[in-house]
Amino acid sequence: MDQSRPPLLELRRICFTYPGAVRPVLDAMDFCFQSGDRMGLYGPNGSGKTTLLHVIMGLLRPASGEVYFDNAPCRVEKDFAQVRRSIGLLLQNADDQLFNPTVLDDVAFGPLNLGLSPDEARARAVETMDYLGLSGFEDRLTHRLSGGEKKLVSLAGVLAMRPKALLLDEPTNGLDPETRDRIIAILNNLETSLIVISHDWDFLDQTTSTFLTIQNGRMVREDGHAFHTHVHSHRFGAQPHRHRP
Ligand SMILES: Nc1ncnc2c1ncn2[C@@H]1O[C@H](COP(=O)(O)OP(=O)(O)OP(=O)(O)O)[C@@H](O)[C@H]1O
Ligand SMILES: [Mg+2]
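The chain has the name ABC transporter ATP-binding protein in an unreviewed UniProt entry, where Desulfolutivibrio sulfodismutans is given as its organism. The heading Sequence similarities (unreviewed entry) in the UniProt record of the chain holds the text "Belongs to the ABC transporter superfamily."

**Student:** Can you explain the nonpolar core? Please cite residues and give values.
**Tutor:** Counting residues in each nonpolar core, the largest one holds 34 residues, and the members touching the most others are Val-107, Met-129, Leu-134, Leu-166 and Leu-187. Broken down by secondary-structure element, the contributors of at least two residues to this core are helix 4 (103-113), helix 5 (118-131), helix 6 (147-159), strand 7 (165-169), helix 7 (177-189), strand 8 (193-197) and helix 8 (201-207). A per-element tally of this core places helix 6 first, with six residues. Setting aside residues up to four positions removed in sequence, Leu-187 forms contacts with Arg-38, Leu-166, Leu-168, Leu-194, Phe-203 and Thr-207. Leu-9, Leu-41, Val-55 and Leu-91 belong to the second-largest nonpolar core, a separate cluster that totals 33 residues.

**Student:** Requested: an account of the packing of helix 6 against helix 7, with residues and values cited.
**Tutor:** Following both chains from N to C, one finds helix 6 and helix 7 inclined at 10°, their axes separated by 12 Å at the closest point. In this view, helix 6 runs roughly parallel relative to helix 7, as classed from their interaxial angle. Side by side, helix 6 and helix 7 meet where Leu-152, Leu-155 and Leu-159 of the first sit next to Thr-179, Arg-182, Ile-183 and Ile-186 of the second. Of the residues contributing to the contact of helix 6 with helix 7, the split by class is five nonpolar, one polar and one charged.

**Student:** Explain the coordination of the magnesium ion (ligand 2) to me, and be specific about the residues and the numbers.
**Tutor:** Summarising the metal site, the magnesium ion (ligand 2) is bound by the protein donors Thr-50 (OG1) and Gln-92 (OE1), whose distances to it range over 2.0 to 2.2 Å. With Thr-50 in helix 1 (residues 49-56) and Gln-92 in the loop between strand 6 (87-90) and helix 3 (94-97), the pair connects residues that are 42 residues apart, well separated along the chain. Since its relative accessible area comes to 34%, Gln-92 is described here as partly exposed.

**Student:** Go over the sheet that holds strand 7 with me, naming the residues and quoting the values.
**Tutor:** The strand order across the open sheet built from six strands is 6-7-8-3-9-10, with neighbouring strands paired in mixed fashion. Of all strands in the sheet, those bounded by a partner on one side alone are strand 6 and strand 10 (218-221). Between one strand axis and the next, the sheet turns through 20° on average, direction left out of account. Looking at chain direction, strand 3 (residues 38-42) and strand 9 (residues 210-215) are connected through four bridges and run parallel. The residue of strand 9 that forms the bridge with Gly-40 is Phe-211. Here helix 2 (residues 77-86) sits on the sheet and contacts strand 6 and strand 7; the angle it forms with strand 6, its principal contact strand, is near 75°.

**Student:** Please set out the pairing of strand 3 residue by residue, giving values where relevant.
**Tutor:** Burial of strand 3 is extensive: five of the five residues sit out of reach of the surface. Taking every second residue as pointing to the same face, both faces of strand 3 are buried, with Arg-38, Gly-40 and Tyr-42 on one and Met-39 and Leu-41 on the other. Relative to strand 8, strand 3 is paired through four bridges, and the arrangement is parallel. Counted as the bridge partner of Leu-41 is Ile-197 from strand 8.

**Student:** Break down the sheet that holds strand 1 (residues 7-16) for me, citing the residues and quoting the values.
**Tutor:** Read across the sheet, four strands follow the order 2-1-4-5 without closing on themselves; strand pairing throughout is antiparallel. The sheet is open, and its two borders are formed by strand 2 (26-34) and strand 5 (72-74), each paired with just one other strand. Strand-to-strand twist across the sheet, computed as the mean angle between neighbouring axes with direction ignored, equals 20°. Pairing analysis gives three bridges linking strand 4 (residues 64-69) to strand 5, with the strands arranged antiparallel. Bridge pairing in strand 5 links Tyr-68 to Pro-73. Taken strand by strand, helix 1 contacts strand 1, strand 2 and strand 4, and its axis lies near 115° from that of strand 1.

**Student:** A description of the site of ligand 1 should follow, citing residues and the corresponding values.
**Tutor:** Near ligand 1 there are 13 residues, and of these Gly-46, Lys-49, Thr-50, Thr-51 and Gln-92 occur at the shortest range. A distance of 2.8 Å separates an oxygen atom of ligand 1 from a polar atom in the side chain of Thr-50. Contact distances for ligand 1 include 2.5 Å between an oxygen atom and a side-chain N or O atom of Thr-51. For ligand 1, whose accessible area on its own is 640 Å², the fraction buried by protein is 59%. Across the shell around ligand 1, the residue classes tally to three nonpolar, eight polar and two charged.

Rules behind the numbers
- Residues numbered from 1 in each chain as written.
- Chains lettered and ligands numbered in written order.
- Predicted model: local features only at pLDDT ≥ 70, side-chain atom pairs only at ≥ 80, totals over all residues.
- Heavy atoms only, no water.
- UniProt positions renumbered as here; feature names shortened; annotations may be inferred.
- Core = buried A, V, L, I, M, F, W, Y, C linked by side-chain atoms within 4.5 Å.
- Buried < 20%, exposed > 50% of the residue type's maximum accessible area, 1.4 Å probe, protein only.
- Helix = DSSP H or I, 4+ residues; strand = E, 2+ residues; numbered from the N terminus.
- Contact = heavy atoms within 4.5 Å.
- Axes fitted to C-alpha atoms, helices over the stretch in contact; angles between N-to-C directions.
- Parallel < 35°, antiparallel > 145°, perpendicular 65-115°, else oblique.
- Nonpolar A, V, L, I, M, F, W, Y, C, P; charged D, E, K, R; others polar.
- Donors = N, O, S within 2.8 Å, 3.2 Å for Na, K, Ca; no water.
- Pairing = 2+ DSSP bridges.
- Near = heavy atom within 4 Å.
- Polar contact = N/O pair within 3.5 Å; in protein donor to acceptor, adjacent residues only side chain to side chain.
- Areas by Shrake-Rupley, 256 points an atom, 1.4 Å probe, with all protein chains shown as cover.

Pasting the structure below:
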C-alpha cells in the first residue's frame, strides 16, 4: 500500500453468502482502494465481482467483516448513503439502473438527489450528456433505448454526480467499437479513481493500471499479467476481439 495516498475504501475480512447458497462468494476478503487507484477487476463468471461492488455500496450487507469509507466504518444505512453520494456505481445491467421515464430526468436524478436545484441538475445533465455524445436524447424514453444507448445513459447518470470514484461493472458490454473507444477516451480524460470490471482485457489495459481477480472469495493481485494488443490480419480483425491463450 502506498502510505502517501489515503485509503478511500477498505474491506476488512468481509464474508458474504447469498441466502440459500452453500458457499460464500466473498470469504474473509481484505481489500484496499486508495485515492488515485485505477484498478481493473477481471475473472470468471460467478467469481463475485459484481457482489463485491454491491457490498462496497451497501446494497448487500456482509455476514461479517467491515467496509470502511474515508477511514470510518460503515455500519448503518446512513453510512452507506454517504458512500453512494461520493462513489458512482455503474450497474452491470443498465435496465436496473434506469428508472425515470425520460433520459434527461434519469441523468438529472443523481444531481437532484445531491441537493442541486432543478435548473442546476438539468444543466449538469445536459452538459454530461453532451460530453458522452448523447445530445438530442433528452426527451427519449429510457425503456425504448437500445442496449448500448442504455449503457451510455446509465454512465451519464453516474458521471453527472461528479463522484470521487467510479465503480464500473462491465461498462463496454454491448457497445460497438466506436462507442467503446469513446468510453476509453472519456475514462482516460477523468482523473477519478476507479475500479473497472471487464472481460475485455484490452479495454482494461487501456483504462487501468493495476489488475485484480477474485479467487476463492479473496482478492488476488495480478500485476504480473502482461496485456498486449496483437497486430495480425483476419476477417473482422480490425474489430476488438479476444484470443484464447
Ligand atoms: N441474488 C442472488 N442470489 C443467489 N446467488 C446469487 C445472486 N446473485 C449472484 N449469485 C451467485 O453469486 C456468485 C457471484 O455472482 P456475481 O454476480 O458476483 O459474479 P460475477 O463475478 O459478477 O460474474 P459475471 O462475470 O458473470 O458478471 C455466482 O455464483 C452467482 O450465481
Ligand atoms: Mg458481474
